[in-house]
2 protein chains.
Amino acid sequence: MGDGPPPQMGQSLLFLTDEQLRKGIEAMFFAYRGFTADPDRILAEKSYGRAHHRAIHFIHRSPGTTVNNLLSILGVTKQSLNRVLRTLIEDGLVESTVGTRDKRERHLQLTAEGAGLERALSDAQRDRMRAAYRAAGPAAVAGFRQVLEAMMDDETRHHYEAMKEKVE
Amino acid sequence: MGDGPPPQMGQSLLFLTDEQLRKGIEAMFFAYRGFTADPDRILAEKSYGRAHHRAIHFIHRSPGTTVNNLLSILGVTKQSLNRVLRTLIEDGLVESTVGTRDKRERHLQLTAEGAGLERALSDAQRDRMRAAYRAAGPAAVAGFRQVLEAMMDDETRHHYEAMKEKVE
DNA sequence: CTTGGAAAGTCAATAAAGCTGACGTATTGT
DNA sequence: ACAATACGTCAGCTTTATTGACTTTCCAAG
């Protein structure tokens, strides 16, 4: 592409050519499609969308989280989240309970049925992730995570880091 | 989370726990947001969306590609692509020329102005990708690509592989 | 040379998912 | 008492996608 690197440039610098970067960009684009394909199929059957999936995922991850918290993690407006949340509550997948310490807050958690859907969704996604991990091996997985973390916005990384230490 | 792995399990198998997989899933979600953030800002100024970006990217990558080809790469319907393509042609960013061998086909290419926008968009995205690559190092980048490729759908990987050998 | 089908473009209707702005209610904390 | 917070909701809008139906142009096989 355009001006290639001078021939004497070593492998350690060569990996940052525009071509390498373009391939990384396309890999990201195509892989993300694979990443969402399986859950999307399940969601389509129940006529939910990705927005529902995201809400379910993060409620599962942090049971009892508040609406505001979810809002900042998902980076959407209150109105957008509310439309999704309302259908999930109506359908009996999510439960909203008034806060004890602060009664203005609503604590969100999955019902048994909601947890069931979460399982189905994350099983599908985990299967693909597991297969990719197995195919690539532990060293590749470490690199994968390193690059992804470096790619996040500072603010976004904050949400990610917050959960990293929860279990490990 | 739930049932952890037995304590005697070694590091080489331990990396496939549900927790590790969940972190991979979230890393993917958050990183993709970072990945699209910079181009999205530029596109918003010109009131274009991601669909325009994708069309511009792949027309740049494969100048002279046909509408049908683009359709299969992007995985959208003809109508969706056509709306995007029409505005890009009207705005003078993309040129559509009747095929010489088969006059039913239209060959798409970027105009000088279109190439300019492509530059701006991919520069922004490359900058972030470059920074992430630098931070993580060549070994991590190799792993990153390996996992992403393993995560693609078979059909999708086909489109990706088709371009891999074009330059290198 | 006719005809079937492919490539492209278009019209209309619909839906998911986001946005802004404005308001109301309950509750908390100063 | 009063300002601020957390939540919910109403209305209206935009983007991006969908499906279905249809036309024009054109290639190629019978």
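To be clear, the structure that these remarks concern was listed above.
Residue positions are given per chain, counted from 1 along the sequence in the order it is written. Whichever chain is written first becomes A and whichever ligand is written first becomes 1, with later ones labelled in order. Since the coordinates come from a predicted model, pLDDT governs what is reported: local features require at least 70, and pairs of side-chain atoms require 80 or more to be given and counted, while whole-chain, interface and lining totals use all residues. Water and hydrogen atoms play no part in the side-chain values, which are based on all heavy atoms of the structure.

Asker: Quick rundown of the overall build of chain A? Include the residues and the values.
Answerer: A count of helices and strands for chain A gives eight helices and three strands. Secondary structure follows DSSP: runs of H or I at least 4 residues long count as helices, runs of E at least 2 residues long count as strands, and numbering of each begins at the N terminus. Ordering the α and β elements of chain A from the N terminus gives α-α-α-β-α-α-β-β-α-α-α. Think of it in three bands: residues with accessible area under 20% of the maximum for their type are buried, residues over 50% are exposed, and the middle band is partly exposed, with areas taken using a 1.4 Å probe on protein chains only. By residue count, 49% of the 168 residues in chain A fall in the buried class. Considering only contacts within chain A whose residues lie at least 6 apart along the sequence, 46% involve residues at least 24 apart. Values of accessible area rely on a 1.4 Å probe in the Shrake-Rupley scheme; residue burial ignores everything except the protein chains shown. Total accessible area computed for chain A in this model is approximately 8,500 Å², and 52% of it derives from carbon and sulfur atoms. Contacts were defined at the residue level, with two residues in contact if any of their heavy atoms lie within 4.5 Å.

Asker: Can you explain the side chain of Thr66 of chain A? Please cite residues and give values.
Answerer: Residue and element names in this part refer to chain A. The topology assignment puts Thr66 in strand β1 (residues 65–66). Pairing of N or O atoms within 3.5 Å defines a polar contact, subject to two protein rules: one partner must be a possible hydrogen donor and the other a possible acceptor, and residues neighboring in sequence count only if both atoms are side-chain atoms. Separated by 3.2 Å, the side chain of Thr66 and the backbone nitrogen of Asn69 make a polar contact. The residues contacting Thr66, other than those within four sequence positions of it, are Glu105, Arg106, His107 and Leu108.

Asker: Can you lay out the protein's contact with DNA strand C for me, pointing to particular residues and giving the numbers?
Answerer: Around DNA strand C sit 26 residues in total, of which Gly49, Arg54, Thr77 and Arg83 of chain A together with Lys78 of chain B are the nearest. When at least one non-hydrogen atom of a residue lies within 4 Å of a molecule or strand, that residue is treated as near it. When the atoms of DNA strand C within 4 Å of the protein are sorted by group, sugar and phosphate make up 60%. Within the backbone of Gly49 of chain A, an N or O atom sits 3.3 Å from a phosphate oxygen of DNA strand C. At a separation of 2.5 Å, a base oxygen of DNA strand C approaches a polar side-chain atom of Lys78 of chain B.

Asker: I'd like a rundown of the pattern of salt bridges, residues and numbers included.
Answerer: Residues and elements named next belong to chain B. Salt bridges, as used here, are contacts in which a Lys or Arg side-chain nitrogen is within 4 Å of a carboxyl oxygen on Asp or Glu. Taken as a whole and judged by the stated rule, the model has 31 salt bridges over all chains. Between Arg126 and Asp123 there is a salt bridge, and its shortest N-O distance comes to 3.1 Å. Here the residue Arg126 and the residue Asp123 both occupy positions in helix α6 (residues 112–136), the gap between them amounting to three residues, near one helical turn. For Arg157, the salt bridge goes to Asp154, with nearest N and O atoms at 2.6 Å. Of this pair, Arg157 and Asp154 are both found in helix α8 (residues 154–164), three residues apart, which corresponds to roughly one turn of the helix. By relative accessible area, Arg157 is classed as partly exposed at 21%. With a relative accessible area of 61%, Asp154 lands in the exposed category.

Asker: Please give an account of the protein's contact with DNA strand D that cites residues and values.
Answerer: In the region of DNA strand D, 25 residues are neighbours, and Lys78 and Arg104 of chain A together with Gly49, Arg54 and Ser80 of chain B sit closest. Of what DNA strand D places within 4 Å of the protein, 58% of the atoms are sugar or phosphate. One of the backbone nitrogen or oxygen atoms of Arg106 of chain A is found 3.4 Å away from a phosphate oxygen of DNA strand D. Between a base nitrogen of DNA strand D and a side-chain N or O atom of Arg83 of chain B, the distance comes to 2.7 Å. Basically, the charged four are Asp, Glu, Lys and Arg, the nonpolar ten are Ala, Val, Leu, Ile, Met, Phe, Trp, Tyr, Cys and Pro, and anything else, Gly included, counts as polar. When its residues are assigned to classes, the surface near DNA strand D shows three nonpolar, 10 polar and 12 charged.

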